[in-house]
Amino acid sequence: MIVIDNLSAEPPEPVRGDLWRRGHVCCLSSRWPLLLCMLVLIYGSHAPLIALTQSDGRVPYSPSSCVVLIELTKLLVSTATLLATKGGSALCGVPVRWVLALPYAAPALLYALNNNLVVYMQAHMDPSTFQLLSNLKIVTTATLYSSCLGRRLRPVQWLALVLLTLAGGAHSYSSLDGEAQTGPEGHRGPRLHVTGPGLLLLLLYCTASGLAAVVTERALKGQRLPLSLQNIFLYGWGVAINVASHMGGVGEGRGFLEGFSALVWLIVIGQAAAGLMMSVVMKHGSGILRLFVISAAMLVNSAFSWALLGLQLTPLFLLPTGLVALAAYLYYR
């Protein structure tokens, strides 16, 4: 696990008004480039690795078991880190009460809500439409980030986030070219459809996604506690909620570890590591930086899919690549 020098959760007002608002806090440590590159690579490889585990178009294991193990791994690593770094003395006399864990229940519930919304939304829209329209969560996250956390964004930064949203849309649309070849006879181009309830569910999904990021950042930065202890609170709720979900029948009758292979365990370890590193981003960076990481991972995802799965990239792929680069330049210049 990468350990980044701790930054105060409540910096002096001039720092909070300048560096924190613009996200330049990432420049305070030479470890940030390595951290962000690792995050992009792990997130970008997630979908291709899942595809490699599939048999006849289905994964041979219980996805809910995988999620439980990811959350449990993050919880165990956070506990070990707290103990290894003498976390008790790191609390600096601050009494630890279980009430401090309550703020972390909200993001855990919101993430669980989103996981279920994705399932229900498939009945109201095709997967390509979901992929295309879900990029709106960039806008909702930025809006909630600005309004709920009081971080004023400059006009050029709003422009950068709009470009980031367009990059996601362009990337999603470029992936639809292959569907045009498998559509009904005589049809050229992808067939997209979405119902009225589907649009409402999509709005709820994007809002919950943005709210979860904002609430997580607010909880992590609002408490002067070691990040490892905060992670214990966060992932403790995550384990409890996902275990309840698994026991509620999401496991589809499979054994808990049925179908697990070395590749599935690699996914578990990778996603656990990514979650721990993302908590560093949320604690010492911002939710906006998280959006740029996810957008860059989207492009890496396509590169991995081309290399591992034979995905055919179209010239349109260059458009989202350029838009993400331009957005990052405008936002952080």
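Definitions and cut-offs
Residues numbered from 1 in each chain as written. Predicted model: local features only at pLDDT ≥ 70, side-chain atom pairs only at ≥ 80, totals over all residues. Heavy atoms only, no water. Helix = DSSP H or I, 4+ residues; strand = E, 2+ residues; numbered from the N terminus. Expected span 1.5 Å × (residues − 1). Buried < 20%, exposed > 50% of the residue type's maximum accessible area, 1.4 Å probe, protein only. Polar contact = N/O pair within 3.5 Å; in protein donor to acceptor, adjacent residues only side chain to side chain. Core = buried A, V, L, I, M, F, W, Y, C linked by side-chain atoms within 4.5 Å. pLDDT = per-residue confidence, 0-100. Contact = heavy atoms within 4.5 Å. Axes fitted to C-alpha atoms, helices over the stretch in contact; angles between N-to-C directions. Parallel < 35°, antiparallel > 145°, perpendicular 65-115°, else oblique. Left-handed = near helix turned anticlockwise from the far one by under 90°. Nonpolar A, V, L, I, M, F, W, Y, C, P; charged D, E, K, R; others polar.

**Considerations on helix H3 (residues 63–84)**
For H3, which comprises 22 residues, the first-to-last C-alpha distance of 31 Å matches the rise-based estimate of 32 Å (1.5 Å per residue) to within 8%. Taken together, the buried positions of H3 are Ser 64, Ser 65, Cys 66, Val 68, Leu 69, Ile 70, Glu 71, Lys 74, Leu 75, Ser 78 and Leu 82.

**Considering the side chain of His 171**
The residue His 171 is located in helix H8 (residues 155–174) in this model. On the accessibility criterion, His 171 (7% relative accessible area) is buried. A distance of 3.5 Å separates a polar atom in the side chain of His 171 from the backbone oxygen of Met 298. Within polar-contact distance, the side chain of His 171 engages the side chain of Ser 302 at 2.5 Å.

**Some points on the nonpolar core**
Membership of the largest hydrophobic core comes to 33 residues, with the highest contact counts inside it found for Trp 32, Leu 39, Phe 233 and Val 281. Within the residue set of this core, elements represented by two or more residues are helix H2 (32–53), H3, helix H10 (196–222), helix H11 (227–250), helix H12 (262–284) and helix H13 (287–309). Within the second largest apolar cluster, 24 residues are counted, among which are Leu 144, Ala 160, Ala 327 and Leu 330.

**Remarks on the confidence of the model for the protein chain**
One rule of thumb: low pLDDT means the predicted coordinates there are not for detailed reading. Looking at the protein chain as a whole, its pLDDT mean stands at 79, while 78% of the residues score no less than 70. Across the protein chain, the secondary-structure element scoring lowest on mean pLDDT is helix H1 (residues 13–22), at 43, and the one scoring highest is H12, at 92. Contacts of residues 1–28 to residues separated by more than four positions or lying in other chains number 58 contacts, the stretch itself having pLDDT below 50. Contacts for the low-pLDDT stretch residues 178–190, under 50 throughout, to residues beyond four places or in other chains number 9 contacts.

**Some details on the packing of H13 against helix H14 (residues 318–332)**
When two helices pack together, you describe them by how their axes are tilted relative to each other and by the distance separating the axes. Two numbers describe how H13 lies on H14: the axes approach to 10 Å, and their chain directions differ by 160°. The angle between H13 and H14 falls in the class roughly antiparallel. Considering only the axes of H13 and H14, their crossing is left-handed. Where H13 approaches H14, its residues Ile 288, Leu 289, Phe 292, Ser 295, Met 298 and Leu 299 are matched on the opposing element by Pro 320, Thr 321, Val 324, Ala 327, Ala 328, Tyr 331 and Tyr 332. Here the residues of the contact of H13 with H14 sort into 11 nonpolar, 2 polar and no charged.

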